[in-house]
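Each chain is listed here by its residues.
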Amino acid sequence: MISLNGSVFLNNSLTGASKSLSHSPQRRLQYPVLVAAVSSNGRSGERNVTLLMENTLKEMRDGSAAVEVEPKSTVGGGVEDVYGEDQATEGQPVTPWTVSVASGYSLLRDPHHNKGLAFSEKERDAHFLRGLLPPVVVSHNLQVKKMMHNLRQYQVPLQKYMAMMDLQEMNERLFYKLLIDNVEELLPVVYTPTVGEACQKYGSIFRRPQGLFISLKEKGRILEVLKNWPQRKIQVIVVTDGERILGLGDLGCQGMGIPVGKLSLYTALGGIRPSACLPITIDVGTNNENLLNDEFYIGLRQRRATGQEYAEFMQEFMTAVKQNYGEKVLIQFEDFANHNAFDLLSKYGTSHLVFNDDIQGTASVVLAGLISALNLVGGNLAEHTFLFLGAGEAGTGIAELIALEMSKQTGSPVEESRKKIWLVDSKGLIVSSRMESLQHFKKPWAHEHEPVKELVDTVKAIKPTVLIGSSGAGRTFTKEVIEAMTSFNEKPIVLALSNPTSQSECTAEEAYKWSQGRAIFASGSPFWPVEYNGKVYLSGQANNAYIFPGLGLGLIISGAIRVHDDMLLAASEALAAEVTQENLDKGLIYPPFSNIRKISAHIAAKVAAKAYELGLATRLPQPENLIAYAESCMYSPNYRSYR
């Protein structure tokens, strides 16, 4: 054994033995034995550690040492409590384990355990931190206050994003407490719209890896690559191939900002433990000429693999994930191009726990907004007519979930419900005369009608009560379009969902101004309040972050093995139920994000209940109070006391 910078390391033989025990799902050394040893100081303490470890290992070989035969799964999003943190109350001390006990300089460089200036006097003595920190001891709350003060000095959103990412790499718990306590202000920083610019410039701002990059170079070795990730108990994977990042197109390997951002929200909003989250980018090349010619581009410099080569690579990836992490790991597909997104969801939906946020998550959050909006305009879904600009993943996904909910409410076949929903793509209104040339996912929406090319003419012909934009084409809801909607609707519902802000079909100000303040408006990216004719209008944000964190938590706490459409409907209904009359009076069809963790717990409970009802849950028996159970499972960013 040697001591280096205050950290205690075991010799090779002991390290190998201890690692084999700590990684075994059946035999794990109980930590109080080690804790007493590693808290000793000086050379005599080191000799005691060596002697105790040797005696302990001998006892384990003889079968007499205390081990846990069946380690318990615990509350932190259902992840096995390897380090004993979740079994302890927040007032009880825990041991900051890495490979060895983190102490001294290494502890300050470990984002999972670093507290910065919040280390207590006792902790500074116990973990060799004297002199490595200034003498002041500050509270967690004061650290949050200081960080917010610093962030507000930045005028450029990308600078705020980079500062947040740096903080995440230095002090994980401070990052999440900062985000949770200031979610409404920081959500646009860590995710849309700022994450779009971050992805565009990812090669230039790249500092350190935050997930796994799996490229065609690793074909045949993907399982090996997955095992390089230090965490073993993964429960949520967000994966992208970077081909359709937000409304920005093919950003190749630089799309990694999306999985990183999504998983930050899984933890902050849904309470999934950070160590249980894994961001992955599948790099099969890019067709973006600017990136291929960019000297700072960090991905493969080749055109995208397609067809059988792509399918085989994804098959290897999906097989390796299931082999390495088990059947209950949630795989969220993110920002795949239409032609791959639908195929992947269809192919793996029956064999893996998979979820496409662009198709299903967007649909669920929009449906929730529509259910809320009915309280303002009256009627039920079946009494309204829907027109979509955009017939890709988001548009068809939303349309299908609306049809399913409509069918559920009326008892009519879903095919009949689809007739109330019309879609417009780049060639105009989707009608039956175009059937032969349509992609398969558009065909259910081809109805009998004469062809119409322009959106404004389509609005006048169909006379929708709800206009939804999911095209990725900015400023397509023109003054003429909004005025046409207003001409036959007392309160037209206008949802401009495309991200980032530059791609939004219209702004909040345009929607309210052109409708004389009558529109019920929500958007994909946030907009500031609008004053029109002496009245202030607040617009809601149809942000997927309302749905996917709670959905993921519900799947995890129930041990679900598949995602079912009824779970998405349950999530939508749970979110709509959180909208108060006070919110509606302000014109808001979504609740404020300040309550998002409570909202996520309610969504998780409804999703879990549906999983049990459908026989898809494996975590038995079912908890009596699913809301309380969901809340108890949520990760807390509060600092823990170290021995």
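Looking at an unreviewed UniProt entry, one finds the protein named Malic enzyme, with Actinidia rufa as its source organism. As stated in UniProt under Function (unreviewed entry), the record for the protein gives "The chloroplastic ME isoform decarboxylates malate shuttled from neighboring mesophyll cells. The CO(2) released is then refixed by ribulose-bisphosphate carboxylase. This pathway eliminates the photorespiratory loss of CO(2) that occurs in most plants." In its Sequence similarities (unreviewed entry) section, the UniProt entry covering the protein states "Belongs to the malic enzymes family."

Chemist: For this particular structure, what's the right way to read the overall build of the protein?
Modeler: Helix and strand content of the protein: 27 helices and 16 strands. Within the protein, buried positions represent 57% of all 643 residues. Looking at the protein alone, contacts between residues at least 24 apart form 72% of all its contacts between residues at least 6 apart. Taken as a whole, the protein presents about 26600 Å² of accessible surface, with 51% of it coming from carbon and sulfur.

Chemist: Can you help me understand the sheet that holds strand E16 (residues 540-541) in this one?
Modeler: Whenever strands of a sheet pair, they do so through backbone hydrogen bonds, lying parallel or antiparallel. The strand order across the open sheet built from 7 strands is E10-E9-E8-E11-E12-E13-E16, with neighbouring strands paired in mixed fashion. Edge positions in the sheet fall to strand E10 (428-429) and E16, since each of these pairs with one other strand and no more. For strand E13 (residues 520-523) and E16, the ladder comprises 2 bridges, and the chain directions are parallel. From the neighbouring strand, Ala-522 faces E16, where its bridge partner is Gly-540. Its contacts with the sheet place helix H20 (residues 455-462) against strand E8 (386-389), strand E9 (421-425) and E10, and it is angled at close to 170° to E8.

Chemist: Got a minute to help me understand the packing of aromatic side chains in this structure?
Modeler: Between two aromatic rings, the relevant description is the distance of the centres plus the angle of the planes. Within this structure, the stated rule accounts for 13 aromatic pairs. Ring plane angle 85° and centroid distance 5.6 Å describe the contact between Phe-333 and Phe-336, whose orientation is recorded as edge-to-face. Using a relative accessible area of 1% as the deciding quantity, one classes Phe-333 as buried. Centroid distance Tyr-546 to Phe-593: 4.2 Å. Interplanar angle 20°. Geometry classified as stacked. Here the residue Tyr-546 occupies a position in the loop between E16 and helix H23 (548-558), and Phe-593 occupies one in the loop between helix H25 (581-585) and helix H26 (596-613), the gap between them amounting to 47 residues. Its relative accessible area of 7% is what places Phe-593 among the buried residues. Connected via pairs of aromatic rings, a cluster forms that spans Tyr-512, Phe-521, Phe-527 and Tyr-537.

Chemist: What am I meant to see in helix H9 (residues 183-190) here?
Modeler: An α-helix turns once per 3.6 residues; consequently, residues spaced three or four apart project the same way. Of all 8 residues making up H9, 6 are buried, and the element is well covered by its neighbours. All of the buried residues along H9 are Val-183, Leu-186, Leu-187, Pro-188, Val-189 and Val-190.

Chemist: Can you walk me through the side chain of Ser-417 in this structure?
Modeler: As for its placement among the helices and strands, Ser-417 is situated in helix H19 (residues 414-417). A distance of 3.4 Å separates a polar atom in the side chain of Ser-417 from the backbone nitrogen of Ser-407. Ser-417 has contacts with Ala-403, Met-406, Ser-407 and Ser-412, leaving out every residue within four places of it along the chain.

Chemist: I keep staring at the pairing of strand E4 (residues 236-240) and nothing clicks. Help me out?
Modeler: Along any regular strand the residues' side chains alternate between the sheet's two faces. A large share of E4 lies buried, amounting to 5 of its 5 residues. Burial along E4 is two-sided: Val-236, Val-238 and Thr-240 and Ile-237 and Val-239, pointing in opposite directions, are all buried. Once you follow E4 into helix H13 (residues 257-270) and on to strand E5 (residues 277-283), the crossover reads as right-handed. Of the pairings in the sheet, the one linking E4 to strand E6 (residues 330-333) comprises 4 bridges and is parallel in character. When the sheet's bridge partners are listed, Val-238 is paired in E6 with Gln-332.

Chemist: Looking at this structure, how should I read the packing of helix H18 (residues 393-410) against helix H24 (residues 565-577)?
Modeler: Relative orientation and spacing of two packed helices are given, respectively, by the angle between their axes and the distance between those axes. Following both chains from N to C, one finds H18 and H24 inclined at 85°, their axes separated by 11 Å at the closest point. Compared by their axis directions, H18 and H24 come out roughly perpendicular. Of H24, the residues touching H18 (which contributes Leu-401, Leu-404, Glu-405 and Lys-408) are Asp-565, Leu-568, Leu-569, Ser-572 and Glu-573. Broken down by class, the residue content of the contact of H18 with H24 amounts to 4 nonpolar, 1 polar and 4 charged.

Chemist: Is there a simple way to explain the environment of Gly-397 in this structure?
Modeler: With respect to the secondary-structure elements, Gly-397 resides in helix H18. Distance from Gly-397 to Asp-358, taken between C-alpha atoms, is 7.8 Å for residues 39 residues apart in sequence.

Chemist: Explanation requested: the nonpolar core in the structure shown.
Modeler: As a rule of thumb, soluble globular proteins bury nonpolar side chains together. By size, the foremost hydrophobic cluster in this structure holds 118 residues, and its most contacted members are Leu-370, Ile-402 and Ile-421. Counting residues per element, this core draws most heavily on H26, which supplies 10 residues. Beyond its immediate chain neighbours, meaning those up to four positions away, Ile-421 contacts Phe-386, Phe-388, Ala-399, Ile-402, Ala-403, Met-406, Trp-445 and His-447. Ile-222, Val-284, Val-354 and Ile-359 belong to the second largest nonpolar core, which has 36 residues in total.

Chemist: Explain the UniProt feature "binding site: (S)-malate" (unreviewed entry) in the protein to me, please; I cannot follow it from the model alone.
Modeler: Taken from the UniProt record, the annotation "binding site: (S)-malate" (unreviewed entry) applies to Arg-244, Asn-499 and Asn-543. Mapped onto the elements, Asn-499 comes out in the loop between strand E12 (493-496) and helix H22 (508-514). The exposure class of Asn-499 is buried, given its relative accessible area of 19%. Among the polar contacts made by the side chain of Asn-499, one reaches the side chain of Ser-525 at a distance of 2.6 Å. Secondary-structure assignment places Asn-543 in the loop between E16 and H23.

Chemist: What's the story with H26 in this structure? I'm lost.
Modeler: Spanning 18 residues, H26 covers 25 Å between terminal C-alpha atoms, matching the ideal 26 Å at 1.5 Å per step. Where burial is concerned, most of H26 is hidden: 13 out of the 18 residues are buried. Phi turns positive, to about 75°, at Gly-615, one or two residues after H26.

Chemist: Just to check I follow, could you spell out the pattern of salt bridges for this structure?
Modeler: Two side chains carrying opposite charge are able to pair once their charged atoms lie near each other. Within the structure shown, the criterion is met by 29 salt bridges. Here the residues in one salt-bridge network are Arg-244, Asp-335, Asp-358 and Glu-393, joined through shared partners.

About the cut-offs
- Residues numbered from 1 in each chain as written.
- Predicted model: local features only at pLDDT ≥ 70, side-chain atom pairs only at ≥ 80, totals over all residues.
- Heavy atoms only, no water.
- UniProt positions renumbered as here; feature names shortened; annotations may be inferred.
- Helix = DSSP H or I, 4+ residues; strand = E, 2+ residues; numbered from the N terminus.
- Buried < 20%, exposed > 50% of the residue type's maximum accessible area, 1.4 Å probe, protein only.
- Contact = heavy atoms within 4.5 Å.
- Areas by Shrake-Rupley, 256 points an atom, 1.4 Å probe, with all protein chains shown as cover.
- Pairing = 2+ DSSP bridges.
- Axes fitted to C-alpha atoms, helices over the stretch in contact; angles between N-to-C directions.
- Phe/Tyr/Trp six-rings, centres within 6.5 Å; stacked < 30°, edge-to-face > 60°.
- Polar contact = N/O pair within 3.5 Å; in protein donor to acceptor, adjacent residues only side chain to side chain.
- Right-handed = clockwise from strand over helix to strand, strands pointing away.
- Parallel < 35°, antiparallel > 145°, perpendicular 65-115°, else oblique.
- Nonpolar A, V, L, I, M, F, W, Y, C, P; charged D, E, K, R; others polar.
- Core = buried A, V, L, I, M, F, W, Y, C linked by side-chain atoms within 4.5 Å.
- Expected span 1.5 Å × (residues − 1).
- Salt bridge = Lys/Arg side-chain N within 4 Å of Asp/Glu carboxyl O.

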